[in-house]
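Understanding the architecture of this molecule
For reference, the chains in residue letters:
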Amino acid sequence: MTVLEIKDIHKSFGDQEILKGVDIKVEKGDVIAILGPSGSGKTTFLRCINFLTETDSGQMVFDGKTYDMAKMNRKDIAAIRKKTGFVFQNYNLFRNQTALGNVTLGLTTVRRIKKKEAEEIGRSLLEKVGLSDKTDLYPSQLSGGQQQRVAIARALAANPEIIYFDEPTSALDPELIGEVLSVMKRLADAGMTMIVVTHEMDFARNVSNRTIFMENGVIVEEGPSKEFFENPKMERTKEFLRLEDSRGIVK
Amino acid sequence: MTLEEIIQLMLDSFFKILIPGLTRTIPLTILAFSFAMVIAVICSLIEYAKVPVLKEIVRFYVWIIRGTPLLVQLLIGFYGLTSIGVKIAPFTAAVLVFSINEGAYCSETMRGSLESVSYGQFEAGYCCGMNYVQIMRHVVLPQAFRTAFPALGNSLISMLKDTSLVSNITVTEMLFAAQRIAGRTYQYMAMYIEVALIYLAFSTILTKVQKWGEEKLNYYGGA
Ligand SMILES: Nc1ncnc2c1ncn2[C@@H]1O[C@H](COP(=O)(O)OP(=O)(O)OP(=O)(O)O)[C@@H](O)[C@H]1O
Ligand SMILES: [Mg+2]
């Protein structure tokens, strides 16, 4: 079953075209890794498909409906966002809310679920990300890795069809990356549909089932992750992977 | 007068000064500051959300108030209005002028605090499906209020002291009462020091309350 389809998305900032016609098709349970050098438009792509950034042109098929991405109305955007989750590079937790508050706020305001019930859901989600002992702490009292896991629990709260991750571990100290990746791996194993922009080659290779390599606003190469890593076809992809490999060794 | 007589005078006059403090200074401060908060929240939200036309009006209002002396505003608010036939009680005029004056300053404080909340908080809210109003109410305003709280507390304390200016428009508050006694007894130094001490006591209490409030609000580290 197809969860999400994006067709020919274009986006410019000023006279610079950042996305030059990107297509993507996501099946239920897919974990898609998007790789690419800095500035290639990965973040812009994720932001466009969740309407945090306006799109110049493109089509979206989601939840059985087709949308013209350049002409979205507020109601459609709200409806789509209720069924998607977004995890930011810098977590963006609500600073005035506890870990539990971060997870439940969307439930109580958007879904109008009773506070008590929302808190039950929140607690079980925080338990899922290994934070049942941190429910009452504020973001400023949590480590980066813990904050990002709260952010993942918050994204899960809406019971979304798909979650977008924008470099979820890039802001983390190396020793905290593992705890976030393992939560994501568990989600993937549980069948969650995810698009993950990442520089973590191991995650792309071993957890994602499809990998996309993007550069200069276009998809250079994509394929099943195993094949992508073992047998890249494009020269540019090989070069990129070699570069990332050597970086990994240095690390 | 001997020192003992002066001390006796200060003791005798204590309640004569304190009572106007409790019946005039404190109510004026509480009323005006409450209205000022309402004005400040509305005006700062208008500026923050860049509401066309209204935001120009707010800017004009803030410009006028911040650019003119409070004493002159008080004189306009009472003698000015009275002279053109507007019937207004001195105390009412004082509440009005202080609300408007304090509202302008506090709206600037609030606006600064609102703008200090990062846009990422909005984006996170939108991604949770929340709308603008929900995000403002549950995420942005509480954070802005937390940031603004110390500065608002300082404004309140300044205002309490500034209410002494309303003796100029015949409101019988503490300074007015002290002046009356001083005029009768010629003990200006003693009376002014006494009234200063009572102001000091009031503002010290407020400072304590402010500190306590800050600690209460400090739960998310402020950072
Ligand atoms: N709001 C904006 N205004 C102008 N230019 C922008 C804006 N956002 C992004 N860009 C530009 O778009 C290009 C792509 O940025 P984007 O953040 O999508 O890259 P990325 O692939 O996510 O890179 P990274 O790996 O560094 O996160 C960059 O050249 C960037 O400068
Ligand atoms: Mg990026």
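What comes next concerns the included structure. (Residues numbered from 1 in each chain as written. Chains lettered and ligands numbered in written order. Predicted model: local features only at pLDDT ≥ 70, side-chain atom pairs only at ≥ 80, totals over all residues. Heavy atoms only, no water.)

Time to look at the overall build of chain A. Counting its regular elements, chain A contains 9 helices and 10 strands. Compactness check: chain A gives a C-alpha radius of gyration of 18 Å against a globular reference of 18 Å for 251 residues, within 12% of the reference. Taking the principal axes of the C-alpha coordinates as reference, chain A spans close to 55 × 45 × 35 Å. A burial count over chain A gives 55% of its 251 residues as buried. Taking as baseline every contact in chain A between residues at least 6 positions apart, the subset at least 24 positions apart corresponds to 64%. Of the roughly 11600 Å² that chain A leaves accessible, carbon and sulfur atoms contribute 46%. Charge separation in chain A, taken as the distance between the mean sites of 36 positive and 36 negative side-chain charges, equals 6 Å. (Helix = DSSP H or I, 4+ residues; strand = E, 2+ residues; numbered from the N terminus. Rg over C-alpha atoms; globule rule 2.2 N^0.38 Å. Buried < 20%, exposed > 50% of the residue type's maximum accessible area, 1.4 Å probe, protein only. Contact = heavy atoms within 4.5 Å. Areas by Shrake-Rupley, 256 points an atom, 1.4 Å probe, with all protein chains shown as cover. Lys, Arg positive; Asp, Glu negative; His and termini not counted. Charge placed at Lys NZ, Arg CZ, Asp CG, Glu CD.)

A separate point is empty space enclosed by the protein. In this structure the tally under the stated criterion is 1 cavity of 30 Å³ or more. Considered as a void within the structure, the largest cavity measures approximately 130 Å³ in volume. As for the largest cavity, its lining consists of 17 residues, of which Arg154, Ala155 and Ala158 of chain A together with Cys127 and Cys128 of chain B are closest to the centre. For the lining of the largest cavity, the elements supplying multiple residues, two or more each, are strand S6 (84–87), helix H3 (99–109) and helix H5 (144–157) of chain A together with helix H5 (119–127) of chain B. With 4 residues, H5 of chain A is the single largest residue contributor to the lining of the largest cavity. By residue class, the composition of the lining of the largest cavity is 11 nonpolar, 3 polar and 3 charged. (1 Å grid on protein atoms, 1.4 Å probe; cavity = no way out; pocket = protein on both sides within 12 Å on 5 of 7 lines; lining within 4 Å. Points joined across faces, edges and corners; volume = space filled by probe spheres on them. Nonpolar A, V, L, I, M, F, W, Y, C, P; charged D, E, K, R; others polar.)

All right, on to the nonpolar core then. Formed by 48 residues in total, the largest nonpolar core has its most connected members in Leu4, Ile6, Ile9, Phe45, Ile49, Met60 and Ile195 of chain A. For this core, the element with the most residues is helix H6 (residues 132–162) of chain B, which contributes 5 residues. In contact with isoleucine 49 of chain A, not counting residues within four places along its chain, are Leu4, Ile6, Ile9, Met60, Met69, Tyr164 and Ile195 of chain A. (Core = buried A, V, L, I, M, F, W, Y, C linked by side-chain atoms within 4.5 Å.)

Residues and elements named next belong to chain A. Every residue close to ligand 1 is listed here: Phe13, Ile18, Pro37, Ser38, Gly39, Ser40, Gly41, Lys42, Thr43, Thr44, Glu167 and His199. In this structure, an oxygen atom belonging to ligand 1 sits 2.5 Å away from a side-chain N or O atom of serine 38. At a separation of 3.1 Å, an oxygen atom of ligand 1 approaches a polar side-chain atom of glutamate 167. Relative to its unbound accessible area of 640 Å², ligand 1 is 59% covered by the protein chains. Per-element accounting of the shell around ligand 1 gives the leading share, 3 residues, to helix H1 (residues 42–49). (Near = heavy atom within 4 Å. Polar contact = N/O pair within 3.5 Å; in protein donor to acceptor, adjacent residues only side chain to side chain.)

Taken together, the contact pairs 19 residues of chain B with 22 residues of chain A. Across the chain B/chain A interface, buried area totals approximately 1900 Å², and carbon plus sulfur atoms make up 59% of it. Scanning the region where chain B abuts chain A turns up 1 salt bridge. Between glutamate 123 of chain B and arginine 47 of chain A there is a salt bridge whose closest N-O contact spans 2.6 Å. Applying the counting rule to chain B against chain A returns 8 residue pairs in polar contact (both at pLDDT 80 or more). Among the residues forming the side of chain B that touches chain A, the class breakdown is 10 nonpolar, 8 polar and 1 charged. (Buried area = accessible area lost by both parts, 1.4 Å probe. Salt bridge = Lys/Arg side-chain N within 4 Å of Asp/Glu carboxyl O.)

Residues and elements named next belong to chain B. Per the counting criterion, the structure on display carries 18 salt bridges over all chains. Between glutamate 47 and arginine 111 there is a salt bridge; the shortest N-O distance is 3.5 Å. With glutamate 47 in helix H1 (residues 3–48) and arginine 111 in helix H4 (residues 90–115), this pair connects stretches of sequence that are 64 residues apart. On the accessibility criterion, arginine 111 (21% relative accessible area) is partly exposed. The network of salt bridges with common partners includes Glu47, Arg59, Arg66, Glu108, Arg111 and Glu115.

Residue and element names in this part refer to chain B. Within the element layout of this structure, glutamate 214 appears in helix H8 (residues 188–217). With no salt bridge to any partner, buried glutamate 214 finds its closest opposite charge in lysine 211, at an N-O distance of 4.5 Å. Beyond its immediate sequence surroundings of up to four residues, glutamate 214 is in contact with Arg146, Phe149 and Pro150.

Before going further, it helps to examine the layout of surface pockets. A volume near 660 Å³ is recorded for the largest pocket. Listed by contribution, the elements that provide at least two residues to the lining of the largest pocket are helix H2 (74–81) of chain A together with H5 and H6 of chain B. In terms of residue class, the lining of the largest pocket is made up of 13 nonpolar, 4 polar and 5 charged.

Turning next to the pairing of strand S7 (residues 162–166) of chain A. For a regular strand, the rule is simple: side chains alternate between the two faces of the sheet. Residues and elements named next belong to chain A. Summarising burial for S7: 5 of the 5 residues are buried, a large majority. Neither face of S7 is left uncovered, since the one carrying Ile162, Tyr164 and Asp166 and the one carrying Ile163 and Phe165 both have all their residues buried. Of the pairings in the sheet, the one linking S6 to S7 comprises 4 bridges and is parallel in character. Residue pairing in the sheet places glycine 85 in a bridge with isoleucine 163 of S7. Relative to strand S8 (residues 194–197), S7 is paired through 4 bridges, and the arrangement is parallel. Of the residues in S8, the one forming a bridge with aspartate 166 is valine 197. What joins S7 to S8 is helix H6 (residues 174–189), and the crossover it makes is right-handed. (Pairing = 2+ DSSP bridges. Right-handed = clockwise from strand over helix to strand, strands pointing away.)

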